[in-house]
Amino acid sequence: MRCAGIIILLALGLGLAPMGCKDKGGQRDHSTGDILIGEYGSMTGPTATFGQSSHEGVMLAIEQINAEGGVLGRKIRVISEDDQSKADEAVNAVQKLINRDGVVAIIGEVASKRSLAAGSVCQKYKIPMLSPASTNPEVTRTGDYIFRTCFTDDFQGKVGGQFALRRGWKNVAILTDVNNDYSKGLAHFFRAVYGKSGNIVADESYREGDKDFKAQLTTIKGKNPDAVFLPGYYTDVGLILRQARELGLNVPFFGGDGWDSPETLTLGKVVDGCFYSNHYSPEDPRPEVQAFLKAYEAKYNKIPDAMATLGYDAARVMADAIKRAGKADPQAIRDALAQTKDFSGASGIITIDAERNAKKPAVILEIRDGKTHLVDTIQP
Ligand code: PHE
């Protein structure tokens, strides 16, 4: 009698197992079916080009990987969530991906503020999160399940500071978005390097979403700087530059990767002669870059921005980690991500260090006539 009961229970258990990715008393079975990866990003809202570009890069990579047979003999399926460019929605997005969908790993976010918010949820549930693009050093300090495949802002701030000094700019003004972790961090690391030999003649601030920058720009103009460091997102760059030029503040502005968006290139004359540091240049002759460019242009009919490139690399690094993990298990994937070494990406060679960051070169781009031109490549 007892024996029959056990056999029935066993049969029930076996009956459930092959369906894959189902709850087994609170534990997910990840051993069969498609491998589910979550992706969250700003598909809509102010910084929509960040989310859309990285999504396009991710999808191109997964399409290529699945066309070659997938990983571990299974296809990868990406479940995407839009966080509307909001930090609290980023938290909701990863909660859904983890609890509703049972993903084994997550790619996202671009903006450091949103990676910081959602990263603590991924850490809590021990689901590895790989940010393609969040450069604020704090992001991966959230915990041992949080990784990134891009460089960090201690490096990027130094790149900006050294660039300003090398251009011979003796007096520089700074205009920071104090509602943005990325902007505050980058301004901090820039000050530390540039401030040693150059004069910071003004240190002004604004808040994401502001529309009128005339007061700050008037103060800056009064100090006669050689250039203005603007470590913000592309969403504010256009408005700020237009108002600066109207006020007769005609010196070059320069910023970081947050400038990178097709929209920055449509600003026209106000942005000519401005510079920003970035993760990649389409002019880079490396075969990995040129092969990616060709595939991306064939699929989307446009030149990829940095976010598209970083999304592509993050998805490929993730697939590679799952393969090396040998099973679609969150902890095994975490351990494999930590071991990533010399992965040849379109945005550079990716090795994950002990702090779960990647050390990669940065490029300086100059904007002219609606195009970026590679000015310099700086090694870490
Ligand atoms: N580095 C930015 C951040 O951390 C995001 C970003 C990356 C924007 C790459 C554009 C290109 O917030």
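Residues numbered from 1 in each chain as written. Predicted model: local features only at pLDDT ≥ 70, side-chain atom pairs only at ≥ 80, totals over all residues. Heavy atoms only, no water.

Trainee: What is the right way to look at the layout of surface pockets in this model?
Mentor: Leftover empty space is mapped by rolling, across the atoms, a probe with the size of a water molecule. Looking at the largest pocket, its volume works out to about 440 Å³. Together, 23 residues line the largest pocket, and Pro262, Leu265, Ile303, Pro304 and Asp305 are the ones closest to its centre. At the level of elements, helix H2 (48-67), strand S12 (274-278) and strand S16 (371-378) are the ones that each hand at least two residues to the lining of the largest pocket. For the lining of the largest pocket, the element with the highest residue contribution is H2, accounting for four residues. Looking at the lining of the largest pocket, its residues break down into 10 nonpolar, seven polar and six charged. (1 Å grid on protein atoms, 1.4 Å probe; cavity = no way out; pocket = protein on both sides within 12 Å on 5 of 7 lines; lining within 4 Å. Points joined across faces, edges and corners; volume = space filled by probe spheres on them. Helix = DSSP H or I, 4+ residues; strand = E, 2+ residues; numbered from the N terminus. Nonpolar A, V, L, I, M, F, W, Y, C, P; charged D, E, K, R; others polar.)

Trainee: What am I meant to see in the packing of helix H3 (residues 87-100) against helix H4 (residues 112-125) here?
Mentor: The packing of two helices is summarised by the inter-axis angle and the distance between the axes. In the contact formed by H3 and H4, the axes pass within 8 Å of each other and the chain directions differ by 25 degrees. As summarised for this structure, H3 and H4 are arranged roughly parallel, according to the angle between their axes. For the pair H3 and H4, the sense of crossing is right-handed. On the side of H3, the interface is formed by Ala87, Ala90, Val91, Val94, Gln95, Ile98 and Asn99, while H4 contributes Arg114, Ala117, Ala118, Val121, Cys122 and Tyr125. Broken down by class, the residue content of the contact of H3 with H4 amounts to 10 nonpolar, two polar and one charged. (Axes fitted to C-alpha atoms, helices over the stretch in contact; angles between N-to-C directions. Parallel < 35°, antiparallel > 145°, perpendicular 65-115°, else oblique. Left-handed = near helix turned anticlockwise from the far one by under 90°. Contact = heavy atoms within 4.5 Å.)

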